[in-house]
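Overview (structure and organization)
Chain by chain, the residues:
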Amino acid sequence: MEGQRKIWIDWAKTLSIFAIVWGHCFPEGLCGFIYAFNVPVFFIISGYLCHREASFGKCFDKTLHNLIIPYFILAAIKVAGPVIKHIGDGEWIWSVAAVLGGFHSLNDAPGCSNLWFVYSLVIVKLLFQVSSGKRDIALAMACLAGAVVYNDILHLEWRWAVSNCLLAYPFFIIGNSLRDKDILQRLVTSARQYRYVAALAAALLIAVTYIVGTQNGQAKLYMGQYANNIVLFAIGALTGSMAVFVLSALLDGVRLKITRVISSGTIVILVFHRELLHPLLKEIGKTDTSSLLTVNTLVFVSAIIVVMAFYPIILLVKRFIPIVMGRRKM
């Protein structure tokens, strides 16, 4: 029901998907800042919205309809062109294998691409269901240790959704812990009461995230990488995510249908935003300007335009292909 809907969550998901799109514009000097938090915040939100089901069967059924089925439908659409193109030489099998295995690509054949996030989230949710209590923290710490081995000892660069869970699971657990203690909801209440303090806090969090992200470098979670230092990465991810939540809390009283629709259709934006974004970036590349500020402003505006352009697209998908949206309410 609308009266029970948490508007700030719609804003958090809208701001977060904007950060994803903005990051794929690769604005010069800002990638370290954007990539510090734009994926972690989504796993934190997912953890916040998740609770353990009464049984694994119920959890799997929910995950099947909300994530697994949409994943395979959207992935099939995404790789349909390359598969058809290589149907005669057998190279199409690499794309199929990549989609089934959760690989960004295999043998230079396109795979799940941005849908790695969904694949990882399926694994994370199922792990969370079978874990409990202190085992949540233990498993999260084990994942962080595994991420250090993956990055700093083995120096692996797999574009694999399974290995990406090493960094995804800890943020999911953080989000779920915030749900248990109702911290974010209290933050929303406080931010609405002390708006100027909250605005200042958001500005400080953004500044810290920028500094830390710049120092750490561009984290690439689609490759399971946290850039130069896992501690700096963790700080930037948490401060950036908290900035998103504070800004969302400040916007909690602003009810807009567009944010509600975008929030419910982030999976559609995640998969297809590049198709809308690339033509805009190509035109920006033709602009006769050497001003970095001008270029970065143009790509920022382009990211906003792309996200807003998905408003009618999501409505159409919801009406004609609702299975892609899972059981999400709009």
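Everything below is about the structure shown above.
What counts and what doesn't
- Residues numbered from 1 in each chain as written.
- Predicted model: local features only at pLDDT ≥ 70, side-chain atom pairs only at ≥ 80, totals over all residues.
- Heavy atoms only, no water.
- Salt bridge = Lys/Arg side-chain N within 4 Å of Asp/Glu carboxyl O.
- Helix = DSSP H or I, 4+ residues; strand = E, 2+ residues; numbered from the N terminus.
- Buried < 20%, exposed > 50% of the residue type's maximum accessible area, 1.4 Å probe, protein only.
- Expected span 1.5 Å × (residues − 1).
- Polar contact = N/O pair within 3.5 Å; in protein donor to acceptor, adjacent residues only side chain to side chain.
- Disulfide = S-S within 2.5 Å.
- Phe/Tyr/Trp six-rings, centres within 6.5 Å; stacked < 30°, edge-to-face > 60°.
- Lys NZ or Arg CZ within 6 Å of the ring centre and 35° of its normal.
- Contact = heavy atoms within 4.5 Å.

Focus on the pattern of salt bridges
Summed over the entire model, instances satisfying the criterion amount to 5 salt bridges. Here Lys78 ties to Glu275 by a salt bridge, and the two come within 2.9 Å at their closest N and O atoms. One end of the pair, Lys78, is in helix H4 (residues 56-85); the other, Glu275, is in helix H13 (residues 266-285), and 197 residues separate them in sequence. Exposure remark for Lys78: the relative accessible area of 23% places this residue in the partly exposed category. Judged by its relative accessible area of 45%, Glu275 is partly exposed. The residue Asp252 makes a salt bridge to Arg192 at a minimum N-O spacing of 3.1 Å. Placement of Asp252 in the loop between helix H11 (230-250) and helix H12 (257-264) and of Arg192 in helix H9 (residues 183-193) is noted, with a sequence separation of 60 residues between them.

A look at H11
Between the first and last C-alpha of H11 there are 30 Å, a value that for 21 residues agrees with the 30 Å anticipated at 1.5 Å per step. Its side-chain oxygen at 2.8 Å from the backbone nitrogen of Val231, Asn229 defines the N-terminal cap of H11.

Observations concerning the state of the cysteines
As enumerated under the stated definition, the model contains 0 disulfides in all. Looking at Cys143, it has no disulfide partner, and the nearest cysteine sulfur is the one in Cys165, 7.7 Å off. With relative accessibility at 7%, the residue Cys165 sits in the buried group.

Digging into the packing of aromatic side chains
Per the stated rule, a full pass over the model turns up 21 aromatic pairs. A centroid spacing of 5.2 Å and a plane angle of 5° characterise the contact between Phe103 and Trp160, whose relative ring orientation is stacked. Placement of Phe103 in the loop between helix H5 (92-101) and strand S1 (105-106) and of Trp160 in the loop between helix H7 (134-153) and helix H8 (161-180) is noted, with a sequence separation of 57 residues between them. On the basis of relative accessibility, which here comes to 23%, the residue Phe103 falls in the partly exposed class. The class for Trp160 is partly exposed, based on a relative accessible area of 23%. Three or more aromatic residues joined by ring pairs make a cluster, and in this case those are Phe18, Trp22, Phe33, Phe37, Tyr210 and Phe300. The aromatic ring of Phe128 is capped on one face by Arg52, whose charged end is 3.9 Å from the ring centroid.

With respect to the side chain of Asn151
Tracing the backbone through its elements, the reader meets Asn151 in helix H7. The class of Asn151 is buried, set by a relative accessible area of 10%. Side-chain polar atoms of Asn151 contact the backbone oxygen of Gly224, separated by 3.0 Å. Other than its neighbours up to four places away in sequence, Asn151 contacts Gly224, Gln225 and Tyr226.

What about unusual backbone geometry?
In this structure, Asn107 is a non-glycine residue whose phi angle is positive, near 55°. Tracing the chain through its elements places Asn107 in the loop between S1 and strand S2 (109-110). Of note in this structure, His155 is not a glycine but carries a positive phi near 55°. Since its relative accessible area comes to 55%, His155 is described here as exposed.

Any functional reading would require information beyond the geometric quantities listed.
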